[in-house]
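The chain contents come next:
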Amino acid sequence: MTYLETIKELSSSGLHQACLERCKEVLLTQPEQVVAYKFAGKSLLALGQIDQAQNLLLKAHQIDNSDPEIVKDIGNCLNAAQNYEEAVKTYKHALSIDPNYAPALNNLGLIAKQQGNPQGALPLVQKAIEIDPTFAPFHTNLGGIYQELGNLDQALKATLVSLELKPDNADSLLNLSIIYKDLGNLDQALKATLQSLELKPNNANALMNLSGIYQDLGSLEQARGAALQSLDLKPDNADTLMNLGIIFKDLGNLDQALKATRQSLD
C-alpha cells in the first residue's frame, strides 16, 4: 500500500489522529503534496479543529483547484462554524467544478432544511440520490426532510432504504423510531430505539425518546428510568425535565413532579 493509499484508508476508517500524523510525515518531504493537505484538513475537521482544517484545505485548493471534494470540505468548515451564507457559496463553487457532485447538493439541501425551508431542500437531496443512490446518509437526510414536511410514509420509506444500505447507523435507527412513534406504531418505535441504544448507549436524545415511548405504552417506571438516564447525560434538557415531571405526576409523586417542572422552567 502506498503512503497515499494509507492516508485515504486511515481517513475512511475514522482513524483521524493517525491520518493526521501520516500526512504531517509526508509534508515534511513533499510540501506541495495536495493529498496530504486535503486529508489532514479532513481529519482536523473531524477532530473539531475547524480553523486549522480550513487553512489546510485552502492550501490544498491553491495547489489543485479542480477537485470539488476539497471545495466541499471548505464549505463543511464554514458550515461547522455556522457561517451558512459562505458555506452555501462554497458548495455552489464545488458544483461549478462538477455539476453532478452529489455531496455538495446534499449539503445545500441540509442547510436549506436547517434554515426552515424543507421544500427547497427536497429537490437538492433527491438529485444527490439520483446521482449516488448507494450512499446511505443521503437517504437518511431525505427521510428527515419528509418528516419536516409531514409526509411520514415517504420519511419511513427513505429511512428504511438508508438502513438497508447501512444497518448499524444509530442515528438512522433513532429517526426510524421517531417516525414509527409519530405513525402510532409504538412496538416498532421501541424496537428501533433499543437497537439505536445498543449501538450508541450514551445518547441522551435516544434515551429521552425511549422514555416517551414507555410513557405512551403506560410503562411509567421504565419511562422514569430512561428519563433519569437521559438527564444524567444531559442535565439541562428542559423537554426531558418537563416529561419527567409528567411521569412523576402520573406516578402520584407530586413533590418530584413539581421539582422537575420547576427545573424545566429554570
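The text that follows walks through the structure, step by step, so that each part is easy to find. (Residues numbered from 1 in each chain as written. Predicted model: local features only at pLDDT ≥ 70, side-chain atom pairs only at ≥ 80, totals over all residues. Heavy atoms only, no water.)

**What to know about the overall build of the protein chain**
Line of reasoning, step 1. If you tally the helices and strands in the protein chain, you get 16 helices and 0 strands.
Line of reasoning, step 2. When its C-alpha atoms are laid out on the principal axes, the protein chain stretches across 70 × 35 × 35 Å.
Line of reasoning, step 3. Counting across all 266 residues of the protein chain, residues that qualify as buried make up 45%.
Line of reasoning, step 4. Accessible surface, the protein chain: about 13700 Å² in total, of which carbon and sulfur atoms supply 49%.
Line of reasoning, step 5. Averaging the coordinates of the 21 positive side-chain charges in the protein chain and doing the same for the 31 negative ones gives two points 2 Å apart. (Helix = DSSP H or I, 4+ residues; strand = E, 2+ residues; numbered from the N terminus. Buried < 20%, exposed > 50% of the residue type's maximum accessible area, 1.4 Å probe, protein only. Areas by Shrake-Rupley, 256 points an atom, 1.4 Å probe, with all protein chains shown as cover. Lys, Arg positive; Asp, Glu negative; His and termini not counted. Charge placed at Lys NZ, Arg CZ, Asp CG, Glu CD.)

**Some words on the environment of Asp51**
Line of reasoning, step 1. Locating Asp51 in the fold gives a position in helix H4 (residues 50-63).
Line of reasoning, step 2. Each C-alpha atom, one on Asp51 and one on Leu78, is 9.1 Å from the other, the two residues being 27 residues apart in sequence.

**Focus: the nonpolar core**
Line of reasoning, step 1. Membership of the largest hydrophobic core comes to 71 residues, with the highest contact counts inside it found for Cys23, Leu142, Leu176 and Leu210.
Line of reasoning, step 2. With 8 residues, the single largest contributor to this core is helix H3 (residues 34-46).
Line of reasoning, step 3. Non-local contacts of Leu210, meaning those with residues more than four positions away in its chain, are made with Leu190, Thr193, Leu194, Leu197 and Ala226. (Core = buried A, V, L, I, M, F, W, Y, C linked by side-chain atoms within 4.5 Å. Contact = heavy atoms within 4.5 Å.)

**Examining the packing of aromatic side chains**
Line of reasoning, step 1. Tallying each qualifying case throughout the model produces 1 aromatic pair.
Line of reasoning, step 2. The positively charged end of Lys42 is found above the aromatic ring belonging to Phe39, 5.9 Å away from the centroid. (Phe/Tyr/Trp six-rings, centres within 6.5 Å; stacked < 30°, edge-to-face > 60°. Lys NZ or Arg CZ within 6 Å of the ring centre and 35° of its normal.)

**A look at the state of the cysteines**
Line of reasoning, step 1. Applying the stated criterion across every chain yields a total of 0 disulfides.
Line of reasoning, step 2. You can see Cys19 has no disulfide; the closest cysteine sulfur is in Cys23, sitting 4.1 Å from it.
Line of reasoning, step 3. Not engaged in a disulfide, the cysteine Cys77 finds its nearest cysteine sulfur in Cys19; these two sulfurs lie 14 Å apart.
Line of reasoning, step 4. Residue Cys77 is classed as buried on the basis of its relative accessible area of 0%. (Disulfide = S-S within 2.5 Å.)

All we've got here are geometric facts, nothing functional implied.
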